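Analysis of the macromolecular model
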Amino acid sequence: MESRTEGIGRQSLIIAAATFMVIAAAVGAGAFGGASVDDLQDGALSAQGSYLAPAGPAFSIWSLIYLGLFAYTVWQAFPAQRQDPRQQAVGGWIAASMVLNGLWLVTARFLTLWLTVVVIAALLAVLARVIVLLGRFPARSLADRILTDGANGLHFGWVTIATVANTAAWLTQIAPQSWAQAADAWAIGVLVVVLVIGAAAAWITGRIAPALATAWGLAWLAVGRLTGEPQSTPTAIAAITVAVLLVITGVVAVLRRSRAVDADADAQSTRR
C-alpha cells in the first residue's frame, strides 16, 4: 500500500509524463516546423512504406487516444485515486507508455529508422504490461473503465498495428530484394500474430477497446493495399479477416466478463 506522499508522487509522475508526451509529439510531428511524419525517414513511415502500412486516415485515431490519455491524466490526479490499488499497480507503467509515445516521434524525426523500431517495441511491451495489470485489477467504476481501460486499451490496440507497420517499414529498407517475392506470405503471417495478440488482450481484460483500435488499423491497412501502393489483394483480405475476428473476439470477451461479474454478484447476494 502506497503512502499518501507516494500516491501524490505517482499522480505527479503521470502528469509530467503526459506533458512530455504532448510536447514531444508536437515537436516530432513538425508542429514547430519541419517535414510531416509521412516524409520522415525518406518516406518509410508513410502509407506507402510497406505492405503492412495503414492508409493515411487511419492515423486520425491518435486524436482520440491523446484525448483519452489526457482525460485519464486529469481523472487519476483526483484525491479519490491517490491510494486506489488499481492505480498504484498500473500508474507507473502508464507514465512510461506516455514517455515512450512522445519519444517515438522525436526518434522518427531526429534519429534512425531502426531506433524507431526499438522505441515502439518497448512501447508495445509496456502497454502489454498495462493490459495484463488491468485484467488483474478490475475497474470499480464507469469512469475507471472508460478512462483507464478505454484510453489505454485504444493505445495498446493501435500500437500493436503501428509496431507491425514500423517494423515492416524498416525491414523493407534492409531486406534483400528476393524477399519481395514472398511479401504476401510474410504479411499474412504477421497478421496472424496480430490476431493472436489482439485476441489475447481482449480475453485478458474483457474489454473491446484494444480489439477496436487494432481492427481500425487493419481496415485501413486493407484500404491501403487495395487502393494504393504497394498493392496486395491477399494482404488486404487477410487484414479484413483478422479485423472481423478481433471484433468478434472482443464482443465475446465482454459478454463473458459481464456474465462472470453477474455470477459473482449473485453468489455474494446468496451468501448474505
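Computed from a prediction, not measured in an experiment: that's the story for all the values here.

Further remarks concern the overall build of the protein chain. Scanning the protein chain from terminus to terminus reveals eight helices and zero strands. Going residue by residue from the N terminus, the α and β elements of the protein chain occur as α-α-α-α-α-α-α-α. Taking the contacts inside the protein chain whose residues are at least 6 apart along the sequence as the reference set, 83% of them involve residues at least 24 apart. Summed over its atoms, the accessible surface of the protein chain is roughly 12,800 Å², and 69% of this surface lies on carbon and sulfur atoms. In the protein chain, which carries 16 positive and 13 negative side-chain charges, the distance between the mean positions of the two groups comes to 11 Å.

Averaged over the protein chain, the pLDDT score is 88; the fraction of residues at 70 or greater is 92%. Least confident of the elements in the protein chain is helix H8 (residues 233-271), whose mean pLDDT is 83; most confident is helix H2 (residues 61-76), at 96.

Once that is clear, we can look at the packing of aromatic side chains. Taken as a whole and assessed by the stated rule, the structure comprises four aromatic pairs. Centroid distance Phe-59 to Trp-158: 5.4 Å. Interplanar angle 85 degrees. Geometry classified as edge-to-face. In this pair, Phe-59 sits in the loop between helix H1 (4-28) and H2 while Trp-158 sits in helix H5 (residues 142-174), placing the two residues 99 residues apart along the sequence. Classification of Trp-158 by relative accessible area gives buried; the value is 1%. Plain terms: the ring middles of Tyr-72 and Trp-75 are 6.3 Å apart, the flat faces sit at 45 degrees to each other, and that makes the pair tilted. Of this pair, Tyr-72 and Trp-75 both sit in helix H2, three residues apart, which is roughly one turn of that helix. Across this residue pair, the class does not change: Tyr-72 and Trp-75 are buried.

Our focus in this paragraph is the packing of helix H4 (residues 113-136) against helix H6 (residues 183-205). Packed helices, taken two at a time, are described by the angle their axes make and the gap between the axes. The geometry of H4 relative to H6 is characterised by a closest axis approach of 8 Å and an angle of 25 degrees between their N-to-C directions. Taken together, the axes of H4 and H6 are roughly parallel relative to one another. In this structure, H4 uses Ile-131, Val-132 and Gly-135 to contact H6, whose residues at the interface are Ala-201, Ile-204 and Thr-205. A breakdown of the residues in the contact of H4 with H6 according to their chemical character gives four nonpolar, two polar and no charged.

Running from N to C, H5 and H6 cross one another at 165 degrees; their axes reach a closest spacing of 11 Å. The orientation of H5 with respect to H6, classified from their angle, is roughly antiparallel. Judged by the sense of rotation from one axis to the other, the crossing of H5 with H6 is right-handed. Listed contacts from H6 to Phe-156, Thr-160 and Val-164 of H5 are Val-190, Val-194, Ile-197 and Ala-201. Residues belonging to the contact of H5 with H6 are distributed by class as follows: six nonpolar, one polar and no charged.

A separate point is a nonpolar patch on the surface. On the surface, Trp-203, Leu-226, Ile-240, Val-244, Leu-245, Ile-248 and Val-252 cluster together to form a nonpolar patch covering roughly 590 Å² of accessible area. Counting residues per element, the nonpolar patch draws most heavily on H8, which supplies five residues. With respect to the helices and strands, Val-244 occurs in helix H8. What makes Val-244 partly exposed here is its relative accessible area of 46%.

So, about H5. A rise of 1.5 Å per residue sets the reference length of H5, with its 33 residues, at 48 Å; its end C-alpha atoms lie 47 Å apart and thus fit the reference within 8%. If you look at H5, its biggest bend is around 25 degrees, right at Gly-150.

What follows covers the pattern of salt bridges. Within the structure shown, the criterion is met by four salt bridges. Residues Asp-84 and Arg-140 are paired through a salt bridge, measuring 2.9 Å at the closest nitrogen-oxygen approach. Residue Asp-84 is found in the loop between H2 and helix H3 (85-110), and its partner Arg-140 is found in the loop between H4 and H5; the two are separated by 56 residues along the sequence. A relative accessible area of 9% means that Asp-84 is categorised as buried. Between Arg-207 and Asp-149 there is a salt bridge; the shortest N-O distance is 3.6 Å. Here Arg-207, found in the loop between H6 and helix H7 (209-227), pairs with Asp-149, found in helix H5; they are 58 residues apart in sequence, far enough to count as distant.

Calculation rules
Residues numbered from 1 in each chain as written. Predicted model: local features only at pLDDT ≥ 70, side-chain atom pairs only at ≥ 80, totals over all residues. Heavy atoms only, no water. Helix = DSSP H or I, 4+ residues; strand = E, 2+ residues; numbered from the N terminus. Contact = heavy atoms within 4.5 Å. Areas by Shrake-Rupley, 256 points an atom, 1.4 Å probe, with all protein chains shown as cover. Lys, Arg positive; Asp, Glu negative; His and termini not counted. Charge placed at Lys NZ, Arg CZ, Asp CG, Glu CD. pLDDT = per-residue confidence, 0-100. Phe/Tyr/Trp six-rings, centres within 6.5 Å; stacked < 30°, edge-to-face > 60°. Buried < 20%, exposed > 50% of the residue type's maximum accessible area, 1.4 Å probe, protein only. Axes fitted to C-alpha atoms, helices over the stretch in contact; angles between N-to-C directions. Parallel < 35°, antiparallel > 145°, perpendicular 65-115°, else oblique. Nonpolar A, V, L, I, M, F, W, Y, C, P; charged D, E, K, R; others polar. Left-handed = near helix turned anticlockwise from the far one by under 90°. Patch = residues over 30% accessible without salt bridge, like charges linked within 9 Å, V, L, I, M, F, W, Y side chains within 5 Å. Salt bridge = Lys/Arg side-chain N within 4 Å of Asp/Glu carboxyl O. Expected span 1.5 Å × (residues − 1). Bend = angle between axes of the 7 residues up to and from the residue.

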